[in-house]
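Each chain, letter by letter, is given below.
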Amino acid sequence: MQVPSNIFINRIQRPSLYISCAMLLWGLISTLSGNTKDFTSMVLVRFFLGFVEAAFLPGALLIQSKWYTRKELTTRNAILFCGNIISNAFSALVGAGVLSNMQNVLGWPAWRWLFWIEGGITMAIAILAAFILPDLPHNSRGFTTEELEVAQLRMIEDVGEADIDGEDSGIFDGFIMAIKDVKIYLMMLTFTAYVVGLSFNAFFPTLTGTLGFDYVPTLLMSSPPWVFACIVSLFNAWHADKTQEKFWHIVGPIIGGMVGFIISMSTLNVAARYVALFLQASSYAGFIVFYSWIASSYARPPSKRAVALALINAFSQLGNVAGSYVWNLKENGYRRSYGIVTAMFAITIVGCWAFRGILANLNRKIEEREREWEAHTAEMEQMDSPDEALRVQKGFRYLV
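I will try to describe carefully the structure that is included in this document. (Residues numbered from 1 in each chain as written. Predicted model: local features only at pLDDT ≥ 70, side-chain atom pairs only at ≥ 80, totals over all residues. Heavy atoms only, no water.)

**Remarks on a nonpolar patch on the surface**
A surface patch of nonpolar side chains, amounting to about 520 Å² of accessible area, comprises M1, L44, F47, F48 and F51. By secondary structure assignment, the location of L44 is in helix α3 (residues 39-53). (Patch = residues over 30% accessible without salt bridge, like charges linked within 9 Å, V, L, I, M, F, W, Y side chains within 5 Å. Areas by Shrake-Rupley, 256 points an atom, 1.4 Å probe, with all protein chains shown as cover. Salt bridge = Lys/Arg side-chain N within 4 Å of Asp/Glu carboxyl O. Helix = DSSP H or I, 4+ residues; strand = E, 2+ residues; numbered from the N terminus.)

Right, here's the structure in full:
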């Protein structure tokens, strides 16, 4: 669903309405989760929820990449993802409040109220989003003509060419370019390993529960690590944009998360294990930078960038499937589970190092070709090459 959705978003003029409709539908479906009566109906609702929700994240990332330059994108992605991170914090608080105080309200169990409340809030925000979200730099409402022209010029100056597809570009041209690019497969595997490593997210209250506190205090204690992760993510993204460096801003938080995993495997001390949860949550900071690395590595044409974002993100969701089995190993405080996710983080580091090497090699080739072209003509602006990754404007460099 994510790939065709992003192809569609890249070709329409009002993506704000598309995103808002997707939000409204998944809010409605989420609300219906509170009406389920058995396991089968819950599975069906969750299936359709995932189907509709799939359009949001890759689409939002694509739209942001059309508005913000490579020097700005990581920070904006961090702000977007902090909504998800903060939701991890406040959903625990909301859950604690609802489950503690709304049992048998109007004759309904508290867990149903939880779905109804959260789904209703989502639908309300979706309606507002239809009026608030921008569309594209050439047609968004609420901007003057001059402001829209500046928005377009900024993107041209960033890469050296307009962020538009060719007039003769077909619907599936971006998809074909993407599947022919070997770099995408490396990023798919690397990102999947990263998602497996981050799978503790879905089990965070359970892991917090290993500290030995009651249910409601456990939910409340699950929130501060995610607030900390949000702060770390914003700073890490800001610094990545400032320095225009990606690799260490991904690997640094991963290493911090690995330290948290090792602490959780090594001790039963409550204070140490709680600190470890903060380190684990902060590993999300590198996850955010990874998304901007995808966008900046496939800057043009936008049709290829749209498919790259969706394809890598969609494939990586297999990591969530694997993660559900990883955290089924409950013995010794999930020690074996922590060992597996530590190994997945190590694989992620290796994959990032390999991708960094590929981009560095491309940059060297671009520099060599620039010198060769400059020796023949001073009018050169764009270098032609049979390798699509080398057909870039003069002065362009991949961010590593």
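Structure shown, so let's carry the discussion forward.
**Thoughts on the pattern of salt bridges**
Applying the stated criterion across every chain, the model contains five salt bridges. Where D181 meets K183, a salt bridge forms, and the shortest distance between an N and an O atom there is 2.9 Å. Residue classification places D181 among the buried positions, given a relative accessible area of 9%. A residue is classified by how much of its surface remains accessible, and K183, at 7% relative accessible area, is buried. In this structure, the salt-bridge partner of K304 is D181, at a minimum N-O distance of 2.8 Å. Taken together, the residues span a long stretch of sequence, with K304 in helix α16 (residues 302-316) and D181 in the loop between α8 (173-179) and α9 (182-197) at a distance of 123 residues. D181 shares its class with K304; the two are buried. Salt bridges here are not isolated pairs; linked through shared partners, they connect R14, D135 and R141. (Buried < 20%, exposed > 50% of the residue type's maximum accessible area, 1.4 Å probe, protein only.)

**What about the packing of aromatic side chains?**
In total, this model carries 34 aromatic pairs according to the counting rule given. Where F47 meets F51, the ring centres are 6.5 Å apart and the plane angle is 25 degrees; that geometry is what we call stacked. One end of the pair, F47, and the other, F51, are both in helix α3, four residues apart, so they sit about a helical turn from each other. Owing to a relative accessible area of 42%, F51 belongs among the partly exposed residues under this scheme. Their ring planes at 70 degrees and their centres at 5.6 Å tell us that Y284 and F287 sit as a pair that is edge-to-face. With a gap of three residues between them, Y284 and F287 both fall in helix α15 (residues 284-297), about one helical turn apart. (Phe/Tyr/Trp six-rings, centres within 6.5 Å; stacked < 30°, edge-to-face > 60°.)

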